[in-house]
Amino acid sequence: MAVTRAAGTGAPSRSAGDDPGRARRRRMTAVAYLFALPFVLSFAVFMVFPLVSSFVMSFTDFRNSDIENPLAVEFVAVDQYVRLFENQQFVRSLLNTVYFVAAGIPLTMIVALALAVALNNGITRFRTAFRVGFYAPVITSIVAVAVVWRFILQPDGLLNTVLGALGVHGPDWLNDPLWSMPAMILMAVWRNMGTLMIIFLAGLQGIPANVLEAASADGAGAWQRFARVTLPMLRPTLLLGAVLLSVGFLQFFEEPFVMTKGGPLDSTLSISYFTYNQFGFGNYGTASAASYVLFVAIALLSVVQFRAFRTKE
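In this convention, every chain numbers its residues from 1, walking through the sequence in written order. In keeping with the predicted nature of the model, local features appear solely for residues at pLDDT of at least 70, side-chain atom pairs appear and are counted solely at 80 or more, and the whole-chain, interface and lining totals rest on all residues. Values reported for side chains reflect all heavy atoms of the structure, with hydrogen atoms and water molecules removed beforehand.

## So, the overall build of the chain
Working step 1: Along its length, the chain carries 13 helices and 2 strands.
Working step 2: Relative to the compact-globule value of 20 Å for 313 residues, the chain shows a C-alpha radius of gyration of 28 Å, a clear excess of over 25%.
Working step 3: Structurally, the chain occupies a C-alpha span of about 110 × 75 × 35 Å along its principal axes.
Working step 4: Summary of the burial criterion: residues with accessible area below 20% of their type's maximum are buried, those above 50% are exposed, and those between are partly exposed, where the area comes from a 1.4 Å probe applied to protein chains only. Within the chain, the fraction of its 313 residues that count as buried is 35%.
Working step 5: Should any heavy atoms of two residues lie within 4.5 Å, those residues are counted as being in contact. Across the chain, the fraction of contacts at a sequence separation of at least 24, relative to all contacts at a separation of at least 6, is 66%.
Working step 6: Reported accessibility uses the Shrake-Rupley method at a 1.4 Å probe radius. Residues are deemed covered only where the shown protein chains occlude them. Only carbon and sulfur atoms are counted for the fraction: they give 67% of the accessible area of the chain, which is about 18700 Å².
Working step 7: Seen as two clouds, the 22 positive and the 17 negative side-chain charges of the chain have centres 17 Å apart. For the purposes of this entry, the term helix denotes a DSSP run of H or I that reaches at least four residues, the term strand denotes a run of E that reaches at least two, and both are numbered from the N terminus. The quantity called the radius of gyration is restricted to C-alpha atoms. Its globule counterpart is 2.2 Å times the number of residues to the power 0.38. In this tally, Lys and Arg are treated as positive and Asp and Glu as negative; His is ignored, and so are the chain termini. Charge placement uses NZ in Lys and CZ in Arg. For Asp and Glu, CG and CD serve respectively.

## Topic: the packing of aromatic side chains
Working step 1: Centre distance within 6.5 Å is the pairing criterion for rings of Phe, Tyr and Trp, where only the six-membered ring of Trp is used; planes under 30 degrees apart are then read as stacked, over 60 as edge-to-face, and the remainder as tilted. Considering all chains together, one arrives at 21 aromatic pairs under this definition.
Working step 2: The interplanar angle of 75 degrees and the centroid separation of 5.4 Å between the aromatic rings of Trp173 and Trp179 together place this pair among those described as edge-to-face.
Working step 3: Distance and angle both matter: a charge sits over a ring if NZ of Lys or CZ of Arg is within 6 Å of the ring centre and within 35 degrees of the ring normal. Its guanidinium or amino end placed over the ring of Phe257, Lys261 lies 4.2 Å from that ring's centre, counting from NZ or CZ.

## A short note on the packing of helix α9 (residues 222-233) against helix α10 (residues 235-250)
Working step 1: Here an angle of 0 to 180 degrees is reported between the N-to-C directions of two axes, which are lines fitted to C-alpha atoms, with helices fitted over the stretch in contact. Where α9 meets α10, the closest approach of the two axes is 4 Å, and the angle between their N-to-C directions is 60 degrees. Compared by their axis directions, α9 and α10 come out oblique. Taking contact as the criterion, the partners of Leu231, Pro232 and Met233 in α9 are, on α10, Arg235, Pro236 and Leu238.
Working step 2: Polarity classes work like this: nonpolar for Ala, Val, Leu, Ile, Met, Phe, Trp, Tyr, Cys and Pro, charged for Asp, Glu, Lys and Arg, and polar for all others, with Gly in that last group. Tallied by class, residues from the contact of α9 with α10 come to 5 nonpolar, no polar and 1 charged. Throughout this description, any angle smaller than 35 degrees is read as roughly parallel, any larger than 145 degrees as roughly antiparallel, any in the 65 to 115 degree range as roughly perpendicular, and the remainder as oblique.

## What to know about the layout of surface pockets
Working step 1: The distinction between a cavity and a pocket rests on a 1 Å grid over the protein atoms alone: a 1.4 Å probe fits inside a cavity but cannot get out, while a pocket stays open yet meets protein on both sides within 12 Å along at least five of seven lines, and a residue with an atom within 4 Å of a point counts as lining. Grid points are joined across faces, edges and corners, and a volume is the space filled by probe spheres set on the points. If you add up the space inside the largest pocket, you get close to 250 Å³.
Working step 2: Forming the walls of the largest pocket are 14 residues, and the residues nearest its centre are Ile105, Pro106, Met109, Ala242 and Phe309.
Working step 3: Going through the elements one at a time, α3 (88-122), α10 and α13 (284-309) are the ones with two or more residues in the lining of the largest pocket.
Working step 4: At 7 residues, α3 tops the list of elements feeding residues into the lining of the largest pocket.
Working step 5: Considered class by class, the residues forming the lining of the largest pocket number 12 nonpolar, 2 polar and no charged.
Working step 6: There is about 210 Å³ of room inside the second largest pocket.
Working step 7: As for the second largest pocket, its lining consists of Val117, Asn120, Asn121, Leu204, Ile207, Ala209, Leu212, Ala222, Arg225, Phe226 and Thr230.
Working step 8: Every element with two or more residues in the lining of the second largest pocket is listed here: α3, α8 (209-217) and α9.
Working step 9: Per element, the largest residue contribution to the lining of the second largest pocket is 4 residues, and it comes from α9.
Working step 10: Taken together, the residues that form the lining of the second largest pocket break down as 7 nonpolar, 3 polar and 1 charged.

## Brief notes about a nonpolar patch on the surface
Working step 1: Patch rule: a residue counts if its relative accessible area is over 30% and it has no salt bridge; like charges are joined within 9 Å, and nonpolar side chains (Val, Leu, Ile, Met, Phe, Trp, Tyr) within 5 Å. Salt bridges are identified by distance alone: a Lys or Arg side-chain nitrogen within 4 Å of an Asp or Glu carboxyl oxygen. Taken together, the side chains of Phe39, Val40, Phe43, Val45, Phe46, Met47, Val48, Leu51, Val52, Phe55 and Val56 define a hydrophobic patch exposed on the protein surface, amounting to about 1100 Å² of accessible area.
Working step 2: By secondary structure assignment, the location of Phe39 is in helix α1 (residues 18-57).
Working step 3: Judged by its relative accessible area of 57%, Phe39 is exposed.

Keep in mind that these numbers describe shape and distance, not what the molecule does.
Okay, here's the thing in structure tokens:
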């Protein structure tokens, strides 16, 4: 790079040949910002602004009647959250969501992992047909699935007909507070196991065959190879499946909305459904607070899962 000195000053000055390159970089930077500007604006308007607004709203008593007179809104701070946890219906929805997640996620992961192992090792013929069959519920509309399952779970539906053939008297699944949530979990497991099965199958196929062969040569049986070799090497895949499943299960809404309307006796009312109802009632501050409680629950569960499934060095 040529460097000269300014006449009479002795100060170094860069050659004029550098200016076009610098100007060209500035133009390219400006063009890049112009291309990014539409996304940045849309993201700010439709994502950042609603997030910030709802967070601020969760600390107020904002209601439907305050839309015409926003100055009447009072800032109640954490009292909004205190009142939320004093609301028995919200507490019931929180416990229902915990029940749904605590029972549904492990059961879905176990079933999906068993299917993935079977497809990877035990099933050789019609493997593609099995993959499509188990994955089909995932790409089917949840509303259509819920409507079909509502007929299956009726007192004289398909499930009770099969149980009756086996000599078992099935309950009224959707109208019994004791069995309504297990029915939701059963349907959720059936619908979500296809996604995890594909993910787990990819993880199983990524395990080097020579590692399993070495364990077999050392005298490890099938169960020992699975428990001591396959599962540890599958930790990142299990983590991915658990996090994806947790986000969906914690936000479950469509199933009770279509099938039970949150009943009977709020036995299938979830946090998402409670939030939806509060928005419908015009209690925007309460609904915003409930949605952020759900956000914190998702974040905490993700942290726990990252710690539980992290790879041990």
